[in-house]
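Coordinates in review
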Amino acid sequence: MKKSIAIIAAAVLAMGALTACGSKAEETTAAAATTAAATEAAAETETEAETEAAEELSGAVATDGSTSMESVIGILGESFMQLHPDVTFTYNPTGSGSGITAVQEGRCDIGLSSRALKDEETAGGLKGETVALDGIAIIVNNENPVTDLSLDQIAQIYKGEITNWSEVGGNDEEIVLIGREAGSGTRDGFESITGTEDLCQYRQELTSTGDVITTVSQNPAAIGYASLASVSDQTKTLTVDGVEPTEDTVRDGSYKIQRPFVLVTKDGEALSAQAQAFYDYAMSSDVADLIAQAGAVAIH
Amino acid sequence: MNRHKIESVVKFIFLILGLVTIACVLLITVYLVIAGIPAIREIGIIDFLFGTKWASTAAEPQFGILPFILTSIYGTAGAIVIGVPIGFMTAVFTAKVAPRKIRMAIEEAVSLLAGIPSVVYGLVGMLILVPGIRDLFDIPDGASLFAAIIVLAIMILPSIINVSLTALEAVPKEYEEASLALGATEIETYFRVSVPAAKSGIAAAVVLGVGRAIGEAMAVMMVSGNAPNMPDSLFQSVRFLTTAVASEMSYSSGLQRQALFSIALVLFLFIMMINALLNFLMKRDKEG
């Protein structure tokens, strides 16, 4: 009897490990569904109060593109649906390239790109307008004497061409590269700005900004990157080419490790009333707080 | 009459509850197989299982999971090499040598150890063990296979101690008394008589430890560095099968996500094998 219990216990333990992995995927979709439901519910309660205020918009606004823009576009979409409860807002996270193609082919209203449009794309009849900026801070341990790196040095460090802090004016210590996991928007942003896509020799790949900051704060030889909004005095933020990353330097473009979040539409073609309303809403100064909340720098 | 009715109703309820468990197992198995097969077919089973490079979001993605498989095997083996001697000796000491008070203290400590959530092991590992290893071995970064092995070794201790303890206690007193009567010392008796008599129970303890170690995700994710390197050295940053699934799942899409399910399937097969081995050992124990 005892043994059969032990066998069952072992099986359950083993299963437990797997269910944890399996259910995560479903949770993501379930969570998305609940958020949508919750927003709708919240919106419904508000409708009575403001039926007169907004003119009645209905229909769907479809957006498609950059996965890095998930948090910004998610928060804008949710608040927009609260204002206009009859509008369904959808976001398809496919990547900047696919989003731009989707607008061109008319498969969505607004494309989302986390890079500026290329010349051939604007020549092909597309128009891009920046909705927010994403600044990425380079962080090192507080004990590290290095205070400034050039963009080029950062790229060389992450590619493994510079491996010792003494080469960039620091202590004689091997540089420990801390990064994010594959698929992370911050990683994608950092690697595309520094031109190190698929070349980074990471020592650690961590799954959250908080983990990156903790790890860098623990290791005097570590360097990492994190969204500008989340850095604190736990670590030291480096200046890049002599420019300190702040909202202002990101906004005026002098801080280099940044990229635009762009809304892409067809030039000269009118959007549907609801899509135009969302576009104007996203570009208005009312949403500056929401954008900051999502970790980006608002520009309007 | 009425009592019989209640009896059959209760039996029926128990049957349903039993079936729920079986249904869960079946559901997970079927789902994992269905979700895991497409990516393996697309990547090719040889490239998937024996490919040495994992770059799931690169311009030309590569999905080789050999580094994860080897890391899981090495990590588990390392945890067993460190954890089993400690756990086994603790069990022998607790079952046979320790005075009553010390025995109770050990049992309390072991059950407390078993109850600590794995994220706590990970956190302590991240804040104390990883910097400690860095300083002790004078290496650039302490997050490594070695750190994961230490954490896993501690995590499997409770299962090893508890199951070995049960096995040692089941050894008939007469065996030991006979040995003592023939002039053997106490320690000789424990290691020459009690331990061999309990050996399949102890083997089961080891297999249970393997199962726990290979399935652990959270704690190792926080101390192993998580870079998809081949585990060439103890002090390298590595990724386990479990952490490969857990770390990329949240932002994954397309083939990358399917490949993560395939990794879960591989892990599942490993655990099935371990359970089969465990069943075999238990059965042999019952017959012998």
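The model shown is predicted, which means the values in this text are computed figures rather than measured ones.

For the rest of this paragraph, the subject is the domain arrangement of chain A. All names here are of chain A. Here the domain parsing of chain A yields domain 1 (1-56), domain 2 (57-132 + 264-298) and domain 3 (134-258). Put simply, the middle of domain 2 and the middle of domain 3, counted by C-alpha atoms, are 29 Å apart. With 5 residues of domain 2 at the contact, the number on the domain 3 side is 8 residues. For the domain 2 and domain 3 pair, buried surface summed over both sides reaches about 570 Å², with 50% attributable to carbon and sulfur atoms.

Residues at a pLDDT of 70 or more form 82% of chain A, whose mean pLDDT is 81. A low-confidence stretch, residues 12-54 of chain A stays under pLDDT 50, and its non-local contacts, those more than four residues away or across chains, total 33 contacts.

Let us look at the nonpolar core. With 38 residues, the main nonpolar core has Ile138, Tyr158 and Ile223 of chain A as its most contacted residues. Secondary-structure elements contributing two or more residues to this core are strand 4 (126-140), helix 5 (151-159), strand 6 (176-180), helix 7 (209-218) and strand 8 (222-227) of chain A. Among the elements that take part in this core, strand 4 of chain A stands out by supplying 6 residues, more than any other. Formed by 34 residues, the second largest nonpolar core is a distinct cluster that contains Ile40, Trp54, Ile214 and Ile263 of chain B.

The next subject is a nonpolar patch on the surface. All names here are of chain B. Taken together, the side chains of Ile116, Val119, Val120, Leu123, Val124, Leu127, Ile128 and Met218 define a hydrophobic patch exposed on the protein surface, amounting to about 630 Å² of accessible area. The dominant element in the nonpolar patch, judged by the number of residues it contributes, is helix 5 (residues 118-137), at 6 residues. Considering the arrangement of structural elements, one finds Ile116 in the loop between helix 4 (100-115) and helix 5. Under the relative-accessibility criterion, Ile116 is labelled partly exposed at 31%.

This part covers the packing of helix 7 of chain A against helix 5 of chain B. One way to put it is that helix 7 of chain A packs onto helix 5 of chain B with a least axis distance of 10 Å and a crossing angle of 40°. Taken together, helix 7 of chain A and helix 5 of chain B sit at an angle that is classed as oblique. Both helix 7 of chain A and helix 5 of chain B take part in a crossing whose hand is right-handed. In this structure, helix 7 of chain A uses Asp211, Thr214, Thr215 and Gln218 of chain A to contact helix 5 of chain B, whose residues at the interface are Met126, Leu127 and Pro131 of chain B. Partitioning the contact of helix 7 of chain A with helix 5 of chain B into residue classes produces 3 nonpolar, 3 polar and 1 charged.

Okay, the pattern of salt bridges next. Counted according to the given criterion, the structure contains 16 salt bridges over all chains. Between Arg251 of chain A and Asp248 of chain A there is a salt bridge; the shortest N-O distance is 3.6 Å. Highlighted residues: Arg251 of chain A and Asp248 of chain A, both in helix 8 (residues 247-251), separated by 3 residues, approximately one helical turn. By relative accessible area, which is 38% here, Arg251 of chain A ends up partly exposed. Of the charged contacts, one joins Glu248 of chain B and Arg239 of chain B as a salt bridge, the two residues approaching to 2.8 Å between their closest N and O atoms. No difference in accessibility class separates Glu248 of chain B from Arg239 of chain B, as the two residues are buried. What emerges from the salt-bridge pattern is a single network uniting Arg187, Glu191 and Glu205 of chain A together with Arg239 and Glu248 of chain B.

Right, let's get into the pairing of strand 6 of chain A. All names here are of chain A. Of all the 5 residues making up strand 6, 5 are buried; the element is thus mostly covered by neighbouring parts of the structure. Here strand 6 shows no split at all, with Val176, Ile178 and Arg180 on one side and Leu177 and Gly179 on the other all buried. Note: strand 6 against strand 7 (residues 204-206), 3 bridges, orientation parallel. Within strand 7, the residue paired with Arg180 across the bridge is Leu206. One crossover worth recording links strand 6 to the parallel strand 7 by way of helix 6 (residues 185-194), and it is right-handed.

Moving on, we get to a negative patch on the surface. On the surface, a cluster of negative charge is made up of Asp148, Asp152, Glu161 and Asp241 of chain A. The residue Asp152 of chain A is located in helix 5 in this model.

All names here are of chain A. Counted under the stated rule, the structure contains 15 aromatic pairs over all chains. Taking the centre distance of 4.7 Å and the plane angle of 45° together, the rings of Phe89 and Phe278 count as tilted. With Phe89 in strand 2 (residues 87-93) and Phe278 in helix 9 (residues 273-283), this pair connects stretches of sequence that are 189 residues apart. With respect to class, Phe89 is no different from Phe278; both count as buried. Among the aromatic residues, ring-to-ring pairing joins Phe80, Phe89, Phe278 and Tyr281 into one connected group.

Residue and element names in this part refer to chain A. Where strand 1 (residues 59-65) meets strand 2, 7 bridges bridge the pair, whose relative direction is parallel. Its bridge partner being in strand 2, Ala60 is matched across the sheet by Thr88. The β-α-β motif built from strand 1, the intervening helix 2 (residues 70-83) and the parallel element strand 2 has right-handed crossover chirality. Bridge analysis of strand 1 against strand 3 (residues 110-113) gives 3 bridges, and the strand direction is parallel. If you follow Thr63 over to strand 3, its bridge partner there is Ile110.

Reading guide: rules and limits
- Residues numbered from 1 in each chain as written.
- Chains lettered and ligands numbered in written order.
- Predicted model: local features only at pLDDT ≥ 70, side-chain atom pairs only at ≥ 80, totals over all residues.
- Heavy atoms only, no water.
- Domains from an automatic or database assignment.
- Contact = heavy atoms within 4.5 Å.
- Buried area = accessible area lost by both parts, 1.4 Å probe.
- pLDDT = per-residue confidence, 0-100.
- Core = buried A, V, L, I, M, F, W, Y, C linked by side-chain atoms within 4.5 Å.
- Buried < 20%, exposed > 50% of the residue type's maximum accessible area, 1.4 Å probe, protein only.
- Helix = DSSP H or I, 4+ residues; strand = E, 2+ residues; numbered from the N terminus.
- Patch = residues over 30% accessible without salt bridge, like charges linked within 9 Å, V, L, I, M, F, W, Y side chains within 5 Å.
- Areas by Shrake-Rupley, 256 points an atom, 1.4 Å probe, with all protein chains shown as cover.
- Salt bridge = Lys/Arg side-chain N within 4 Å of Asp/Glu carboxyl O.
- Axes fitted to C-alpha atoms, helices over the stretch in contact; angles between N-to-C directions.
- Parallel < 35°, antiparallel > 145°, perpendicular 65-115°, else oblique.
- Left-handed = near helix turned anticlockwise from the far one by under 90°.
- Nonpolar A, V, L, I, M, F, W, Y, C, P; charged D, E, K, R; others polar.
- Pairing = 2+ DSSP bridges.
- Right-handed = clockwise from strand over helix to strand, strands pointing away.
- Lys, Arg positive; Asp, Glu negative; His and termini not counted.
- Charge placed at Lys NZ, Arg CZ, Asp CG, Glu CD.
- Phe/Tyr/Trp six-rings, centres within 6.5 Å; stacked < 30°, edge-to-face > 60°.

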